[in-house]
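Notes for the structure review
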Amino acid sequence: MRLPKLPLCSVFFLCALSTIAHANDVDIPLTKLGTKTGPTLKFYYCRSCGYRKVFEDFVNILQQKYPELHIYGENYNPPGYNMFIAKLLGVSKALIMALMLKGVNIFQWVGLPQPYWWQWCTNNRLFACLMLFYLSNAIEGQLVSSGAFEILLNDVPVWSKLEIGRIPQVSELFQIIDNHMRMLFQDVDVGKINFNK
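Okay, helix α8 (residues 170-184) next. For α8, spanning 15 residues, the distance from its first C-alpha to its last is 21 Å, which sits close to the expected 21 Å at 1.5 Å a residue. For α8, the complete set of buried residues consists of Leu173, Phe174, Ile176, Ile177, Asp178 and Met181. Turning to α8, the residues buried within the fold contact β1 (40-45), α2 (51-65), β3 (149-153) and β4 (156-160).

This part is about unusual backbone geometry. Even without a glycine there, the phi angle at asparagine 154 is positive, about 55 degrees. Relative to the helices and strands, asparagine 154 is located in the loop between β3 and β4. Using a relative accessible area of 31% as the deciding quantity, one classes asparagine 154 as partly exposed. A positive phi is found at aspartate 155, a non-glycine position, where the angle reads about 65 degrees. Structurally, the position occupied by aspartate 155 is in the loop between β3 and β4.

Let us look at the nonpolar core. With 22 residues, the main nonpolar core has Leu41, Phe43, Leu62, Ile71, Phe149, Ile151 and Ile177 as its most contacted residues. Those elements that provide at least two residues to this core are β1, α2, β3, β4 and α8. Residues within four places of leucine 41 in sequence aside, it is in contact with Leu62, Leu69, His70, Ile71, Tyr72, Ile151, Leu152, Leu153 and Ile177. Among the nonpolar cores identified, the runner-up in size contains nine residues, and Leu99, Val104, Cys121 and Ala128 belong to it.

Time to look at the packing of aromatic side chains. Aromatic ring pairs are defined here through the distance separating the ring centres and the angle between the ring planes. The final tally for this structure, using the stated rule, is 12 aromatic pairs. Note on phenylalanine 43 and phenylalanine 58: the rings are 6.0 Å apart at their centroids and 25 degrees apart in plane angle, and the pair reads as stacked. Here phenylalanine 43 is found in strand β1, whereas its partner phenylalanine 58 is found in helix α2, with 15 residues between them in sequence. Overall, phenylalanine 58 belongs to the buried group, its relative accessible area being 5%. Plain terms: the ring middles of tyrosine 51 and phenylalanine 149 are 5.9 Å apart, the flat faces sit at 80 degrees to each other, and that makes the pair edge-to-face. Placement of tyrosine 51 in helix α2 and of phenylalanine 149 in strand β3 is noted, with a sequence separation of 98 residues between them. An identical accessibility class is assigned to tyrosine 51 and phenylalanine 149; each is buried. Cluster of aromatic residues (ring-pair linked, three or more members): Phe43, Tyr45, Tyr51, Phe55, Phe58 and Phe149.

What counts as what
- Each chain has its residues counted from 1, following the order in which its sequence is written.
- Given that this is a predicted model, residues contribute local features only at a pLDDT of at least 70 and side-chain atom pairs are listed and counted only at 80 or more, while totals for whole chains, interfaces and linings are drawn from all residues.
- Side-chain descriptors were evaluated using all non-hydrogen atoms of the structure, hydrogens and water having been removed beforehand.
- Numbering of helices and strands starts at the N terminus; helices are DSSP runs of H or I of at least 4 residues and strands are runs of E of at least 2.
- Helix span, as expected, comes to 1.5 Å for every residue beyond the first.
- Relative accessible area decides the class of each residue, using a 1.4 Å probe on protein chains only: under 20% of the type maximum gives buried, over 50% gives exposed, and in between gives partly exposed.
- Residue contacts follow a heavy-atom distance rule, with two residues in contact if any of their heavy atoms lie within 4.5 Å.
- In these notes, a set of buried Ala, Val, Leu, Ile, Met, Phe, Trp, Tyr and Cys residues joined through side-chain atoms within 4.5 Å is what counts as a nonpolar core.
- In this analysis, rings of Phe, Tyr and Trp, with Trp reduced to its six-membered ring, are considered paired at centre separations within 6.5 Å, and the interplanar angle assigns stacked below 30 degrees, edge-to-face beyond 60, and tilted for intermediate values.

Now the structure itself:
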């Protein structure tokens, strides 16, 4: 069955015209890039200090008052070589525990006599592994613990627990955000800004 070319082309042409006519009536949605154009609030917190829960509480409170605010949070990595040393300690811990559980005399490999403490560790494997596990975890926790709770609004630092020594109160954070929003949008009433359209 062969369709005539002229009527088929005219149908496509009419469909295209109706689509163009309706496009003027409908609001064009923002692109994915455009949906992220509102102000951003970034939190960098110390996960090992237990500040993740504080961050989640702040997010719940802030989203109620500022629904247009994009809020992100992540762990604040410790400065210097602390993270590297902590990871190295974790790998060493796993290797030593495996050698203890296997009962391997590692000192024999280097030509030294087996010390009494290593013999005790291989004889009391479970207790020695638990002791090593908890001791090394305590050291790793101290190495990666930064005590940080840093807040950035549009990549501008607005609060630093490392400098001030405490986490902000909710009212202080509201005041900081309101002041920064007023500075960014001096001609507009801050309460009427909506970035979600």
